[in-house]
Amino acid sequence: MSGDASGPTPVTRATEAAAALGIPHRVVVFGRVSSAEEAAEKQGIPLAALLRTIVVRRGADDYLFVLVPGGRRFDWPKLRALLGVTRMSLPDKDEAREVTGYERGTITPFGSERAWPTIVDATVLDHAEVSIGGGAFGVALRLAPAELVAGLGAQVADVSIPDEGPEG
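Residues numbered from 1 in each chain as written. Predicted model: local features only at pLDDT ≥ 70, side-chain atom pairs only at ≥ 80, totals over all residues. Heavy atoms only, no water.

Student: Explain the overall build of the protein residue by residue, including any values.
Tutor: Within the protein, the secondary structure is distributed over five helices and nine strands. Tracing the protein from N to C terminus, the helices and strands come up as α-β-α-β-β-β-α-α-β-β-β-α-β-β. Relative to the globule expectation of 15 Å for 168 residues, the C-alpha radius of gyration of the protein, 15 Å, shows essentially globular dimensions. Projecting the C-alpha coordinates of the protein onto the three principal axes gives extents of approximately 50 × 30 × 30 Å. Buried positions account for 42% of the 168 residues belonging to the protein. At a minimum sequence separation of 6, the contacts of the protein that also span at least 24 residues come to 64%. Carbon and sulfur atoms provide 51% of the accessible area of the protein, an area that totals close to 8300 Å². Counting 17 positive and 22 negative side-chain charges, the protein places the averaged centre of each group 2 Å from the other. (Helix = DSSP H or I, 4+ residues; strand = E, 2+ residues; numbered from the N terminus. Rg over C-alpha atoms; globule rule 2.2 N^0.38 Å. Buried < 20%, exposed > 50% of the residue type's maximum accessible area, 1.4 Å probe, protein only. Contact = heavy atoms within 4.5 Å. Areas by Shrake-Rupley, 256 points an atom, 1.4 Å probe, with all protein chains shown as cover. Lys, Arg positive; Asp, Glu negative; His and termini not counted. Charge placed at Lys NZ, Arg CZ, Asp CG, Glu CD.)

The structure is reproduced here in structure tokens:
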């Protein structure tokens with residue numbers, strides 16, 4: 001499927017990986033955006049159906065993906081408790097690119113350099129369909145949350161809180 005862009009459906013490592021896993025999905029092209037809100041608007045979906053992929057470092061060469069819907073952010077205490085760790089951090093953009101193969105803004109578990117563990121926030125299951133990065137700017141994969149979880153072998157857990165902006 002194509003949003004405001006025209007032409008053939010782009011092929012990325014992410015789209016190829018989703019297809020290779022046999023996950024029912026569709027590719028949506030919506031063009032480059034400057035915010036999650038704009039991405040959701042261009043795709044015609046609620047902000048909460050747009051998933052952000054966050055790379056978290058647990059230790060040396062030990063990362064995971066945390067999928068959090070727009071309008072929410074992952075909660076460090078919840079995530080630490082779930083994982084049974086006391087320290088975690090966010091890698092900088094260069095480190096994130098090195099461990100995923102994707103630039104910030106295009107990161108997705110699909111087609112990542114390594115298949116890091118994935119945690120999906122439980123609120124994601126509230127939607128019939130969600131949108132996750134498709135491995136390139138302005139490209140997304142749309143799929144059912146259950147297919148996302150099954151295809152990635154992801155763990156579903158309550159790891160987010162409402163995003164109250166920069167102050168929150």
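Student: Account for the nonpolar core, naming residues and giving values.
Tutor: Membership of the largest hydrophobic core comes to 27 residues, with the highest contact counts inside it found for Phe110, Val120, Ile132, Leu141, Leu143 and Leu148. When residues of this core are traced back to their parent elements, those giving at least two are helix H1 (13-20), strand S2 (51-59), strand S3 (62-69), helix H4 (93-100), strand S6 (130-133), strand S7 (139-143) and helix H5 (145-152). Discounting residues that sit within four places of it in the chain, Leu148 has contacts with Leu51, Leu67, Phe110, Val120, Val130, Ile132 and Leu143. The next biggest cluster of nonpolar side chains, apart from the first, holds 11 residues, and it includes Val68, Phe74, Leu79 and Met88. (Core = buried A, V, L, I, M, F, W, Y, C linked by side-chain atoms within 4.5 Å.)

Student: How would you explain unusual backbone geometry if you had to name every residue and give the values?
Tutor: Notably, Asp61 is not glycine yet its phi reads approximately 50°, a positive angle. Residue position: Asp61 is located in the loop between S2 and S3.

Student: Please provide a residue-by-residue account of the layout of surface pockets, values included.
Tutor: Its volume calculated, the largest pocket comes out at about 890 Å³. Taken together, 37 residues line the largest pocket, and the ones lying closest to its centre are Leu51, Arg52, Thr53, Gly105 and Thr106. Listed by contribution, the elements that provide at least two residues to the lining of the largest pocket are helix H2 (36-43), S2, strand S4 (72-74), S6 and S7. No other element matches the five residues that S2 contributes to the lining of the largest pocket. Of the voids in this model, the second largest pocket is the one considered here, and its volume is about 180 Å³. Together, 13 residues line the second largest pocket, and Pro109, Phe110, Gly111, Ala115 and Leu152 are the ones closest to its centre. By residue class, the composition of the lining of the second largest pocket is eight nonpolar, four polar and one charged. (1 Å grid on protein atoms, 1.4 Å probe; cavity = no way out; pocket = protein on both sides within 12 Å on 5 of 7 lines; lining within 4 Å. Points joined across faces, edges and corners; volume = space filled by probe spheres on them. Nonpolar A, V, L, I, M, F, W, Y, C, P; charged D, E, K, R; others polar.)

Student: Got a sec to walk through the pattern of salt bridges? Specific residues and values, please.
Tutor: Counting across every chain of the model gives nine salt bridges. With its nearest N and O atoms 2.9 Å apart, the salt bridge here joins Arg26 to Glu129. Residue Arg26 is located in strand S1 (residues 26-29), and its partner Glu129 is located in the loop between strand S5 (118-121) and S6; the two are separated by 103 residues in the primary sequence. Accessibility expressed as a relative area gives 30% for Arg26, which makes it partly exposed. Judged by its relative accessible area of 29%, Glu129 falls in the partly exposed class. Between Arg72 and Asp121 there is a salt bridge, with its nearest N and O atoms 3.9 Å apart. Of this pair, Arg72 sits in strand S4 while Asp121 sits in strand S5, and the two are 49 residues apart along the sequence. In this structure, a network of salt bridges that share partners links the residues Arg26, Glu129 and Arg142. (Salt bridge = Lys/Arg side-chain N within 4 Å of Asp/Glu carboxyl O.)

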